[in-house]
Amino acid sequence: MATALNSDGVQQVLFAQPDAPIRISVYEWSGPENQTIILPWTTIVTTDDLDRATDTLLAHQRGIAAPTTAIGSAMLAGFALLRDQTDCWKRTLDLSGDGPANTGPRPQDIGPAQQPPGVIVNGLVIGSGNQFGDDQRIADIKELSAYYRSYVIRGADAFVESALGFEDYAAAMERKLLKELQSLALGQADVTR
């Protein structure tokens, strides 16, 4: 995440409109009871703000958590964080994961009443296996992407980005952030006409 936020392309879009700053919060998740805030809500206006945020992310050591995948619980935790951000004109929840839900509420069972109005949910799926792009790995990514498209993402223009593996996560996160931030910049430009 820190590498993606520090990329030249993401920084260019982040700072393109200083009158419309981006606010970010980051949490890690695994099992139904394992959601830990790494970065509380932080407004990114200057490079110093970004440096402090990425330093916090880089300093974090992943905690011991359940070896399960509770996407529905992670979704509810994200909705709780976004519910308090009512002054944002676009609220997006990004969920990254390397497998389908196997514990806790299923994402498809999280109904509209539990989702704050107007929140978009995008996904980033992470492939497993070796890093040489074998056929099984590609098939797994396609299957997980289809799962996320069917059950996880929601809202207008929601999308799924894919990382071939954890070694490709930073590049995939950068691609995803660029899609999201460029649409924000274009939307902001359209609003001010």
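Residues numbered from 1 in each chain as written. Predicted model: local features only at pLDDT ≥ 70, side-chain atom pairs only at ≥ 80, totals over all residues. Heavy atoms only, no water.

What to know about helix H4 (residues 71-83)
Given a rise of 1.5 Å per residue, 13 residues ought to cover 18 Å, and the 18 Å separating the end C-alpha atoms of H4 matches this to within 8%. H4 sits mainly inside the fold: 10 of its 13 residues count as buried. For H4, the complete set of buried residues consists of Ile 71, Gly 72, Ser 73, Ala 74, Met 75, Ala 77, Gly 78, Phe 79, Leu 81 and Leu 82. Buried residues in H4 make contact with strand S1 (22-29), strand S2 (35-44), strand S3 (92-97), strand S4 (120-126) and helix H5 (135-151). (Helix = DSSP H or I, 4+ residues; strand = E, 2+ residues; numbered from the N terminus. Expected span 1.5 Å × (residues − 1). Buried < 20%, exposed > 50% of the residue type's maximum accessible area, 1.4 Å probe, protein only. Contact = heavy atoms within 4.5 Å.)

Examining the sheet that holds strand S5 (residues 160-163)
Pairing is parallel in the open sheet, where 3 strands are placed in the order S3-S4-S5. On the outer flanks of this sheet lie S3 and S5, each paired with one strand and no other. Sheet twist, expressed as the mean angle between neighbouring strand axes with direction ignored, is 20°. Both S3 and S4 contribute to a ladder of 6 bridges, which runs parallel. Following the sheet pairing, Thr 92 is matched in S4 by Ile 120. (Pairing = 2+ DSSP bridges. Axes fitted to C-alpha atoms, helices over the stretch in contact; angles between N-to-C directions.)

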